[in-house]
Amino acid sequence: MKTEVVAAIAQRRIEQRSETAATDGAVELLQKGEAVALPTETVYGLAADALNPIAVAKIFEAKGRPRFDPLIVHLQDRDWLGRVAAVRDKDRQLIGKLINCFWPGPLTMVLPKREIIPDIVTAGLETVAVRVSSHPMFAQIINAFGRPLAAPSANRFGRVSPTSAQHVRDELDGRIPLIVDAGPTAHGIESTIAAVQDGKIHILRRGPVTTEQLSKFGKIEIMGPIERVSSPGQLPTHYAPRTPLRLIEDAGAFSPEENQRIGLLAWNSPKSEKHFAMVRCLSERQDFREAAANLFCYLRQLDQSGLDLIVAERVPLRGLGAAITDRLQRAAHGPLDTRDRLE
């Protein structure tokens, strides 16, 4: 299969297709039951008709994703919510407040599913994860298509999530027919996933909508390690580069083994770079939003540089830093390594 990359940005080279042509091409393929890569405000997603089990199966096939890992369903707008999910009366008011505040945007809600959603989408679970994307190109395509789209990140399963069309091409070239290129994504990490039950907001995956923001609406419970996946984004190992990744407390106290080529993903501007073959600083200003937007892009750059090891410096756990740390911990297959902590 040949993968076509279609630009959806008007100021791109004149020979590339317009935004309208990109929309038309994507919708035509979606109507044929194909999976196509689309930009969202979080990361690029691999989208297919959420109501067509055969189309959804192509997402799993292209990504090499196990069938026990459910998908997020993207809706055109909140009017679709009642058609795909059932909202309990006791939770309706709180869910309504969250939707009013955060939709369209990077908040995914896990709710009891209706029969219209195929079991392959939810991995056989009785719940479905839903959100409304705020990305204008995604909104244009889903509105033209007229049906919900299942759309996990457009990468091979378990790998670093894509924040540009080139990242998608690096991962899925030849596996999907179309990538719609709308430039780099805004947030750079996947949506926050939450479930509401008995007046509590259960955070199942941290993301751009922070715990502090959600706590204004109700009591928060952050879900810990799980024995069985109950929503997308809960696997303990994910977002991983091919190069081994290790979390450290402070790059200034890190001592590499002899003859190792080490890359540093820094939070603090390093005082010395002598130990490192390559350094990428998430944000010179230590701005969480900038750091989140750079996270997966910089991980990819380090991963493609022939290193023996990537070390990533601790990010403070407040605000969006908690979501960044969550991604790094899963990419490193374990908790923060504090052996290099300065006393």
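Residues numbered from 1 in each chain as written. Predicted model: local features only at pLDDT ≥ 70, side-chain atom pairs only at ≥ 80, totals over all residues. Heavy atoms only, no water.

**A closer look at the pattern of salt bridges**
Heads up, the rule is: Criterion for a salt bridge: a side-chain nitrogen of Lys or Arg within 4 Å of a carboxyl oxygen of Asp or Glu. Each helix corresponds to a stretch of at least 4 residues labelled H or I by DSSP, and each strand to a stretch of at least 2 residues labelled E; elements are numbered beginning at the N terminus. For every residue, the accessible area (1.4 Å probe, protein chains only) is compared with the maximum for its type, and the residue is labelled buried under 20%, exposed over 50%, or partly exposed between those bounds.
Taken as a whole and assessed by the stated rule, the structure comprises 17 salt bridges. Between Glu-34 and Lys-58 there is a salt bridge; the shortest N-O distance is 3.4 Å. Remark: Lys-58 occurs in helix H2 (residues 53-63) and Glu-34 occurs in the loop between helix H1 (19-31) and strand S2 (36-38); sequence separation between them is 24 residues. By relative accessible area, which is 22% here, Glu-34 ends up partly exposed. Sharing partners across several salt bridges, the network here consists of Arg-159, Glu-171, Arg-300 and Asp-303.

**What about the environment of Gly-25?**
Residue placement: Gly-25 occurs in helix H1. C-alpha separation for the pair Gly-25 and Val-180, spaced 155 residues apart in sequence, amounts to 9.1 Å.

**Considering the packing of H1 against helix H6 (residues 136-145)**
Two numbers describe a pair of packed helices, the interaxial angle and the distance between the axes. Put simply, the rule is: Orientation is described by axes fitted as lines to C-alpha atoms, over the contacting stretch for helices, and by angles from 0 to 180 degrees between their N-to-C directions. Here roughly perpendicular refers to angles of 65 to 115 degrees, roughly parallel to angles under 35, roughly antiparallel to angles over 145, and oblique to all remaining angles. It is the rotation of the near helix from the far one that decides the hand of a crossing: anticlockwise by less than a right angle makes it left-handed, clockwise makes it right-handed. Residue contacts are counted whenever heavy atoms from the two residues lie within 4.5 Å of one another. When residues are sorted by character, Ala, Val, Leu, Ile, Met, Phe, Trp, Tyr, Cys and Pro go into the nonpolar class, Asp, Glu, Lys and Arg into the charged class, and all the rest, Gly among them, into the polar class.
For the pair H1 and H6, interaxial distance at closest approach is 9 Å and the crossing angle is 50°. By the angle between their axes, H1 is oblique relative to H6. As H1 runs across H6, the sense of the crossing is right-handed. Residues Glu-19, Ala-22, Thr-23, Ala-26, Val-27, Leu-30 and Gln-31 of H1 lie in contact with H6, whose contacting residues are Met-137, Gln-140, Ile-141, Ala-144 and Phe-145. Within the contact of H1 with H6, the residues separate by chemical class into 8 nonpolar, 3 polar and 1 charged.

**Here we look at the environment of Asp-49**
Heads up, the condition is: Any pair of nitrogen or oxygen atoms within 3.5 Å is treated as a polar contact; in protein, a donor-acceptor pairing is required on top of that, and neighbouring residues in sequence qualify only through side-chain atoms on both sides.
Assignment of secondary structure puts Asp-49 in strand S3 (residues 45-49). In terms of polar contacts, Asp-49 uses its side chain to reach the backbone amide nitrogen of Leu-51, at 2.9 Å.

**Observations regarding the confidence of the model for the protein chain**
Cut-off, in case you're wondering: For every residue, the predictor reports its confidence as pLDDT, a number between 0 and 100.
Overall, the predicted model of the protein chain reaches an average pLDDT of 88, with 90% of residues at or above 70. Confidence drops under a pLDDT of 50 for residues 10-17, and excluding neighbours within four residues, the segment shows 7 contacts in the predicted structure. Counting contacts from residues 334-343, a segment whose pLDDT is below 50, to residues more than four positions away or on other chains yields 21 contacts.

**Considerations on the sheet that holds strand S12 (residues 245-248)**
Quick reminder of the rule: Two strands pair under a simple rule: DSSP has to find at least two bridges between them.
In spatial order, the strands read S12-S15-S13-S14; together these 4 strands make up an open sheet with parallel pairing. Looking at which strands have only one partner, the edges of the open sheet turn out to be S12 and strand S14 (278-281). With strand direction ignored, the average angle separating the axes of adjacent strands in the sheet is 20°. In this structure, S12 lies alongside strand S15 (residues 309-313), joined through 4 bridges in parallel fashion. By the bridge assignment, Leu-247 is partnered in S15 with Ala-312.

**Describing the packing of aromatic side chains**
The test is simple: Stacked, tilted and edge-to-face pairs are distinguished by plane angle, under 30 degrees for stacked and over 60 for edge-to-face with tilted covering the rest, among Phe, Tyr and Trp rings (Trp via its six-membered ring) whose centres lie within 6.5 Å.
Overall, the coordinates contain 3 aromatic pairs when judged by the stated rule. With centroids separated by 6.1 Å and ring planes inclined at 15°, the aromatic side chains of Phe-254 and Phe-276 adopt a geometry described as stacked. With Phe-254 in the loop between S12 and strand S13 (262-266) and Phe-276 in the loop between S13 and S14, this residue pair connects regions lying 22 residues apart in the sequence. Judged on exposure class, the residue Phe-254 and its partner Phe-276 are both buried. Measuring from ring centre to ring centre gives 5.3 Å for Trp-267 and Phe-288, while their planes differ by 10°; the resulting arrangement is stacked. Pair noted here: Trp-267 is in the loop between S13 and S14 and Phe-288 is in helix H9 (residues 288-303), with a separation of 21 residues, a long-range link.

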